[in-house]
Number of protein chains: 2
Amino acid sequence: MDMNEQRLKDEQYMRKALVEAGEAFRKGEIPIGAVVVCGDRIIARAHNMTETLCDVTAHAEMQAITSAADMLGGKYLTGCTLYVTVEPCPMCAGALGWAQVPRIVYGASDAKRGYKKYAPHALHPKAVVVEGVLEEECAQLMKDFFKGKR
Amino acid sequence: MDMNEQRLKDEQYMRKALVEAGEAFRKGEIPIGAVVVCGDRIIARAHNMTETLCDVTAHAEMQAITSAADMLGGKYLTGCTLYVTVEPCPMCAGALGWAQVPRIVYGASDAKRGYKKYAPHALHPKAVVVEGVLEEECAQLMKDFFKGKR
């Protein structure tokens, strides 16, 4: 697969993560969505549910990891790519590290809460990270959400 | 409460976390246990369940946080102390940060996987951390577990 094909594929899956983020938005949750892809198939979809579940650990990535492991019947996601609309926080980066996810693709950066600043080595040491896929759409959803909250 | 009284109380609650860690040991899980204390009462007890649940996110602290929030009916644990037998990893430290846990007490350090090295700012900025409570007992349980695995 050449670079353009890969980018198109990444955008295609990020759109699915954006659908999840939109679902979170409609529920009054911070609009972040994630999907886990394994062998060109989506094996888990999730969105942030912290308010609904009254649980700070219910981030999109955490739920996607748990759901994907359940689907695969093993706790390591070594053949998977996780797509998430916003840069993971240290908690989620740590979970991605434990699950040995080898490729993480995210949309918008999170300068205030992102793992890059606060936990740069939390991911698996060999993990490949692709950032900025559909960045504007991912970021716009967050902006719209917080504008509505003010 | 003077310093000695506080230390005795911390040891008393760490013993409860050790009971949880022992429970994990018996199940073949890495023996780490945690309790959450609120107003001098244990409101959550948990131990590592990653193997049983086939879920890398099922660390003792994560489950204790979720359970405590459920008990309190709110997702912030601002009046609580979390006791855990081993230094939290970046994932758990991130979760403790999101939950705004103001006081964390742990037993043994974890030089390889602990948050201090990999995510030193993941906890809430005002969180107080007490380390080394019943350190030897907490560390011994881990050593016994990994010795049995070799």
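Report on the accompanying structure. These figures come from a predicted structure and were not determined experimentally.

On to the overall build of chain A. Summing up its helical and strand segments, chain A has six helices and five strands in all. Listed N to C, the secondary structure of chain A is α-β-β-α-α-β-α-β-α-β-α in terms of helices and strands. Taken over the C-alpha trace, chain A has a radius of gyration of 14 Å; the compact-globule value for 150 residues is 15 Å, and the two agree within 12%. The principal-axis extent of the C-alpha atoms belonging to chain A is close to 40 × 35 × 30 Å.

Our next topic: the relation of the copies chain B and chain A. For the pair chain B and chain A, the superposition axis carries a translation of 0.0 Å, the fit reaches an RMSD of 0.0 Å, and the rotation angle comes to 180°. The transformation relating the two chain copies, once decomposed into turn and shift, fits a two-fold axis. For chain B, the minimum C-alpha distance to the rotation axis belongs to Met91(B) and amounts to 1.9 Å. A share of 100% of the interface residues of chain B reappears at the interface of chain A, consistent with the copies meeting face to face through the same patch.

Residue and element names in this part refer to chain A. Enumeration over the complete set of coordinates arrives at six aromatic pairs over all chains. Pairing Tyr13 with Tyr83 gives two aromatic rings, centres 5.3 Å apart and planes at 45°, and the pair type is tilted. With Tyr13 in helix α1 (residues 3-26) and Tyr83 in strand β3 (residues 80-86), this pair connects stretches of sequence that are 70 residues apart. On the basis of relative accessible area, Tyr13 is assigned to the buried category, the value being 6%. Consider the rings of Phe25 and Phe145, whose centres lie 5.7 Å apart with planes at 75°: the pair is edge-to-face. Of this pair, Phe25 sits in helix α1 while Phe145 sits in helix α6 (residues 135-149), and the two are 120 residues apart along the sequence.

This part covers helix α1 (residues 3-26) of chain B. Because each turn of an α-helix spans 3.6 residues, side chains separated by three or four positions end up pointing in the same direction. All names here are of chain B. Taking 1.5 Å of rise per residue, the 24 residues of α1 would be expected to cover 34 Å, and the 34 Å separating its terminal C-alpha atoms lies within 8% of that figure. For α1, the complete set of buried residues consists of Asp10, Tyr13, Met14, Ala17, Leu18, Glu20, Ala21, Gly22 and Ala24. Lining the buried residues of α1 we find β1 (33-38), β2 (41-47), β3 (80-86), β4 (103-108), β5 (128-131) and α6 (135-149). Gly28 sits one or two positions beyond α1 and adopts a positive phi of about 80°.

All names here are of chain B. The strand order across the open sheet built from five strands is β2-β1-β3-β4-β5, with neighbouring strands paired in mixed fashion. Of all strands in the sheet, those bounded by a partner on one side alone are β2 and β5. Adjacent strand axes in the sheet meet at a mean angle of 15°, parallel and antiparallel pairs treated alike. As defined by bridge partners, β1 adjoins β3 across five bridges and the pair is classed as antiparallel. Across the sheet, Ala34 pairs through a bridge with Val84, a residue of β3. Across the face of the sheet, α1 comes into contact with β1, β2, β3, β4 and β5 while running at roughly 55° to β3.

Another aspect to go through is the interface of chain B and chain A. Each partner contributes to the interface: chain B provides 27 residues, whereas chain A provides 27 residues. Carbon and sulfur atoms make up 72% of the surface buried where chain B meets chain A, a total of about 2,200 Å² over both sides. Ranking the residues of chain B by area buried against chain A places Val56(B), Lys75(B) and Trp98(B) at the top, with a combined share of 33%. Notably, a salt bridge pairs Lys75(B) with Glu51(A), separated by 2.7 Å at the nearest N-O pair. If you look at where chain B meets chain A, you find four residue pairs in polar contact (both at pLDDT 80 or more). Only α2 (50-53), α3 (60-72) and α4 (90-98) of chain B provide two or more residues apiece to the side of chain B that touches chain A. No other element matches α4(B), which puts five residues into the side of chain B that touches chain A. Class assignment of the residues belonging to the side of chain B that touches chain A gives a composition of 15 nonpolar, eight polar and four charged.

Cut-offs and rules
Position numbers for residues count from 1 along each chain, tracking the sequence in the order it is written. By the order in which they are written, chains take letters starting at A while ligands take numbers starting at 1. Reporting in this predicted model follows two pLDDT cut-offs: at least 70 for local features of residues, and 80 or more for side-chain atom pairs to be given and counted; totals over whole chains, interfaces and linings ignore these cut-offs and use all residues. The basis for every side-chain value is the complete set of non-hydrogen atoms in the structure, without hydrogens or water. Every helix listed is a DSSP run of H or I at least four residues long, and every strand listed is a run of E at least two residues long, numbered separately from the N terminus. What the globule rule says is 2.2 Å times the number of residues to the power 0.38, and the radius of gyration is computed from C-alpha atoms. Superposing copies: least-squares fit, C-alpha atoms only, residues required to have pLDDT of at least 70 in both. Any two residues whose heavy atoms approach within 4.5 Å are treated as being in contact. Geometry of aromatic contacts follows a simple scheme: Phe, Tyr and Trp rings, the Trp one being its six-membered ring, pair when their centres are within 6.5 Å, and the pair is stacked under 30 degrees between planes, edge-to-face over 60, tilted otherwise. Each residue is placed in one exposure class: buried if its accessible area under a 1.4 Å probe, protein chains only, is under 20% of its type's maximum, exposed if it is over 50%, and partly exposed if it falls in between. Helix span, as expected, comes to 1.5 Å for every residue beyond the first. Here, strands pair whenever DSSP counts at least two bridges between them. Think of each axis as a best-fit line through the C-alpha atoms, taken over the contacting stretch in the case of a helix, with angles from 0 to 180 degrees between the N-to-C directions. Buried area is calculated as the accessible area (1.4 Å probe) missing from two parts once they are joined, with the contributions of both summed. We define a salt bridge as a side-chain nitrogen of Lys or Arg found within 4 Å of a carboxyl oxygen belonging to Asp or Glu. Here a polar contact is taken to be a pair of N or O atoms separated by no more than 3.5 Å, where protein atoms must pair a possible hydrogen donor with a possible acceptor and residues adjacent in sequence count only if both atoms sit in side chains. For this classification, Asp, Glu, Lys and Arg are treated as charged, while Ala, Val, Leu, Ile, Met, Phe, Trp, Tyr, Cys and Pro are nonpolar and the rest, including Gly, are polar.

Shape descriptors only; they carry no functional weight alone.
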